[in-house]
Amino acid sequence: MTKTFEKNEKRIEQDIIALSAIIDSVAPGYTRRPFTKWHLESREWLIREMKNCGLDVRIDAASNLIGKRQGVNPELPPIMIGSHTDSVVGGGRFDGIIGVLAGIEIVRQLNEKKIELAHSLLIVDFTAEEASEFGISTIGSRGMVGNLTEADLGRTNAEGLPLRNALKVAGGRPDDLETEALKVGDISLYLELHIEQGPVLEQTQHELGVVTGIVGIQRHKVVVEGQANHAGTTPMHMRFDALPAASELVLALEEVANKTYTEQVVGTVGRMFVEPNGANVIPGRVVFDFEIRSLDPHALDQMVEYMKNKIAHVETSRKVSITMNQLSHSDAIIVSEDVVQGVEKSCQRFGTTLRLPSGAGHDGNQLAKVAPVGMIFVPSKNGKSHCPEEWTDYAEVVKGIQALGTALLSFDKALSV
Ligand code: HGY
Ligand code: MN
Ligand code: MN
């Protein structure tokens, strides 16, 4: 039997269509938020598919779904392939999903070709990779590597549900997180196939991306306290309007993100709440989150310093009070040259290849704490993602799967000597 992976476009198309049907039909786009009945239902679908290809299936302490294929040499730490099937609100059909489905498809083909790996293989669907209602992302992979703190587990969502309890809803066992946490050496390598979620591969006409690094992300919460008052009877010079104060900070974030650093940086305000949010009421309070991203942690520190100084200035000039607190952070990772070369060699067999960093965060940011990480990108049509228009041709997904499977075979061999 040949040791190459087939172009099983039909099967992957059917998988993507089946999984895309398990969504919150009231929400926009293809929404499958973590800890919801739709995510639990999609887990049932994944468990069936994993069992159908002979994987031993379990839910770990952090509520991640893990399917194991036994290797010939049980002494070798397993190789892990994973991604996530939770989505943003109004998300698409490919972000995360193709990485989990790729793992299942690779196992199906290993079985069909009767290929035995030296390493055991773990196929993982990580819980809550996306920014969640608990103010933190990559929850499952943080839990898997011991990066969830007691404070994190005490975070609550809008309904007051602690994350600790939400993990239990998804089948996790928070009390076992510490004992089950992976340590360096517990897995040999983590590989992930993902859509690029940006325009680079399409614009430079490359079919496969070899990821060289994944940005670090910091998220901060800003609360601006002014004074609500009548919009008609309060003269302009007597106002303590929280919204123009917040707007100055939003523009300051854009300004500091447009400065030049050693690595690209981005800054975004994606969520803002104006209180009391009445057409004829001066906003007394504004709450917003902002996030900043870069491969260079020093650039992020410089941006935070700039925002702190701007806050002090706006507080004085507008006589409002402002607080800024860090919600979460993930460290940037640089992929090791030997992993980049191994992934690149496998990709070059299936298409034109480009090395590039990831502007999106991934579970690899967390897995890098315990193992080498490698990622392969496939193009995103018009560079769009986190929206229903998110699209990657099935033929392009298949190329990514073939490259990922080939990389798995080559690392399985290289890491077992
Ligand atoms: O937001 C991100 O970077 C990723 O899509 N979770
Ligand atoms: Mn995403
Ligand atoms: Mn993703």
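Computed from a predicted structure; not experimentally measured.

**Considering the domain arrangement of the chain**
Taken domain by domain, the chain holds domain 1 (9-214 + 332-415) and domain 2 (216-330). In this assembly, 17 residues from domain 1 lie in contact with ten residues from domain 2. The junction of domain 1 with domain 2 conceals about 880 Å² of combined surface from both sides, 52% of it contributed by carbon and sulfur atoms. Contact with domain 2 buries surface across domain 1, with Gly135, Arg142 and Ala332 losing the most and accounting together for 35% of the total. Put simply, domain 1 and domain 2 have zero salt bridges between them. Our count for the domain 1 to domain 2 interface comes out at four residue pairs in polar contact (both at pLDDT 80 or more). Those elements that place two or more of their residues in the side of domain 1 that touches domain 2 are strand 6 (208-214), strand 13 (333-334) and helix 12 (364-367). Along the lines of polarity and charge, the residues of the side of domain 1 that touches domain 2 split into eight nonpolar, seven polar and two charged.

**Regarding the site of ligand 1**
Taken together, Asp95, Glu129, Glu130, Gln197, Arg293, Ala360, Gly361 and His386 form the complete shell of residues around ligand 1. Between an oxygen atom of ligand 1 and a side-chain N or O atom of arginine 293, the distance comes to 2.6 Å. Between ligand 1 and glycine 361 there is a distance of 2.7 Å, counted from an oxygen atom to a backbone nitrogen or oxygen. With the chains in place, 90% of the 220 Å² that ligand 1 exposes on its own is no longer accessible. When grouped by side-chain class, the residues that make up the shell around ligand 1 number one nonpolar, three polar and four charged.

**Observations regarding the environment of asparagine 52**
Among the structural elements, asparagine 52 can be located in helix 2 (residues 37-52). For asparagine 52, a relative accessible area of 63% gives the class exposed.

**Quick notes on the packing of helix 1 (residues 9-20) against helix 3 (residues 97-112)**
Close contact between helix 1 and helix 3 brings their axes to 11 Å; oriented N to C, the two are set at 140 degrees. Taken as axis vectors, helix 1 and helix 3 run oblique relative to one another. For helix 1 against helix 3, the interelement crossing comes out right-handed. Contacts from Arg11, Ile12, Asp15, Ile16 and Leu19 of helix 1 reach helix 3 at Ile97, Ile98, Leu101, Glu105, Arg108, Gln109 and Glu112.

**Here's the deal with the nonpolar core**
Side chains of a nonpolar character, in soluble globular proteins, are inclined to be buried together. One finds Leu110 and Leu121 to be the most contacted residues of the largest nonpolar core, which totals 52 residues. If one sorts the elements of this core by residue count, helix 13 (residues 394-414) sits on top with ten residues. Residue contacts for leucine 110: discarding those within four places in its chain leaves Phe5, Arg69, Ile115, Leu117, Leu121, Leu408 and Leu409. Listed in part, the 26 residues of the second largest apolar core include Ala245, Phe288, Val304 and Val320.

**A closer look at the coordination of the manganese ion (ligand 3)**
Around the manganese ion (ligand 3), the protein contributes the donor atoms His84 (NE2), Asp95 (OD) and His194 (NE2), at 2.1 to 2.3 Å from the metal centre. The sequence pattern formed by the donor residues of the manganese ion (ligand 3) is H-x10-D-x98-H. A distance of 3.5 Å spans the gap from the manganese ion (ligand 3) to the manganese ion (ligand 2), which aspartate 95 bridges by coordinating each metal. Linking aspartate 95 in the loop between strand 3 (79-84) and helix 3 with histidine 194 in strand 5 (residues 189-195), this pair joins segments that are 99 residues apart in sequence. Taking the relative accessible area as the measure of exposure, aspartate 95 reaches 6% and is therefore buried.

**A few points about the coordination of the manganese ion (ligand 2)**
The manganese ion (ligand 2) binds to the protein through Asp95 (OD), Glu130 (OE) and His386 (NE2), with metal-donor distances spanning 2.1 Å. Summarised as a motif, the one-chain spacing of the donors to the manganese ion (ligand 2) is D-x34-E-x255-H. Judged by its relative accessible area of 37%, histidine 386 falls in the partly exposed class.

**Description of the pairing of strand 1 (residues 56-59)**
Summarising the sheet, strand 1 and strand 2 (residues 65-69) pair through four bridges and their orientation is antiparallel. Opposite isoleucine 59, over in strand 2, you have leucine 65 as the bridge partner. What sits between the antiparallel neighbours strand 1 and strand 2 is a turn of five residues, in which serine 63 has the positive phi angle 75 degrees.

**Some words on the packing of helix 2 against helix 3**
Running from N to C, helix 2 and helix 3 cross one another at 20 degrees; their axes reach a closest spacing of 10 Å. Our classification of the angle between helix 2 and helix 3 gives roughly parallel. When the axes of helix 2 and helix 3 are compared, the crossing they make is left-handed. For the pair helix 2 and helix 3, the contacting residues are Trp45, Leu46, Glu49 and Met50 in the first and Val100, Leu101, Ile104 and Arg108 in the second. Considering only residue class, the contact of helix 2 with helix 3 consists of six nonpolar, no polar and two charged.

**Thoughts on helix 13**
A rise of 1.5 Å per residue sets the reference length of helix 13, with its 21 residues, at 30 Å; its end C-alpha atoms lie 30 Å apart and thus fit the reference within 8%. With respect to burial, helix 13 is a largely interior element, 16 of its 21 residues being buried.

Parameters at a glance
Think of each chain on its own: its residues are numbered from 1, step by step along the sequence as written. Whichever chain is written first becomes A and whichever ligand is written first becomes 1, with later ones labelled in order. Per-residue local features are limited, in this predicted model, to residues with pLDDT of at least 70; the limit for side-chain atom pairs, both in listing and counting, is 80 or more; totals at the level of whole chains, interfaces and linings are taken over all residues. Note: side-chain values were computed over all heavy atoms of the structure, leaving out hydrogens and water. As used throughout, domain bounds are those supplied by an automatic or database domain assignment. When checking whether two residues touch, look at their non-hydrogen atoms; a contact exists if any pair is within 4.5 Å. Each of two parts loses accessible area, computed with a 1.4 Å probe, when they are put together; buried area is these two losses added. Between Lys or Arg on one side and Asp or Glu on the other, a salt bridge is scored when a side-chain nitrogen of the former is within 4 Å of a carboxyl oxygen of the latter. Between N or O atoms, a polar contact is any pair within 3.5 Å; within protein, one atom must be a potential hydrogen donor and the other a potential acceptor, and residues adjacent in sequence are included only when both atoms are from side chains. The secondary structure listing takes helices from DSSP runs of H or I that are at least 4 residues long and strands from runs of E that are at least 2 residues long, numbered from the N terminus. When residues are sorted by character, Ala, Val, Leu, Ile, Met, Phe, Trp, Tyr, Cys and Pro go into the nonpolar class, Asp, Glu, Lys and Arg into the charged class, and all the rest, Gly among them, into the polar class. Summary of the distance rule: residues count as near a molecule or strand when at least one heavy atom falls within 4 Å of that molecule or strand. For every accessible area listed, the method is Shrake-Rupley and the probe measures 1.4 Å; residues are considered covered only by the protein chains on display. For the exposure calls, accessible area comes from a 1.4 Å probe over protein chains only, and a residue counts as buried if that area is under 20% of its type's maximum, exposed if over 50%, partly exposed in between. Geometry is summarised by axes, namely lines fitted to C-alpha atoms with helices restricted to the contacting stretch, and by angles between N-to-C directions that run from 0 to 180 degrees. Orientation labels follow simple angle bins: below 35 degrees gives roughly parallel, above 145 gives roughly antiparallel, 65 to 115 gives roughly perpendicular, and whatever is left gives oblique. Left-handed describes a crossing whose near helix is turned anticlockwise from the far helix through less than a right angle; right-handed describes the clockwise counterpart. Nonpolar cores were defined as sets of buried Ala, Val, Leu, Ile, Met, Phe, Trp, Tyr and Cys residues, with membership established by side-chain atoms within 4.5 Å. Metal coordination here is assigned from N, O and S atoms located within 2.8 Å of the ion, or within 3.2 Å for Na, K and Ca; omission of water means that sites may look incomplete. A pair of strands is considered paired only if DSSP assigns at least 2 bridges between the two. Expected helix span is computed as 1.5 Å times (number of residues minus one).

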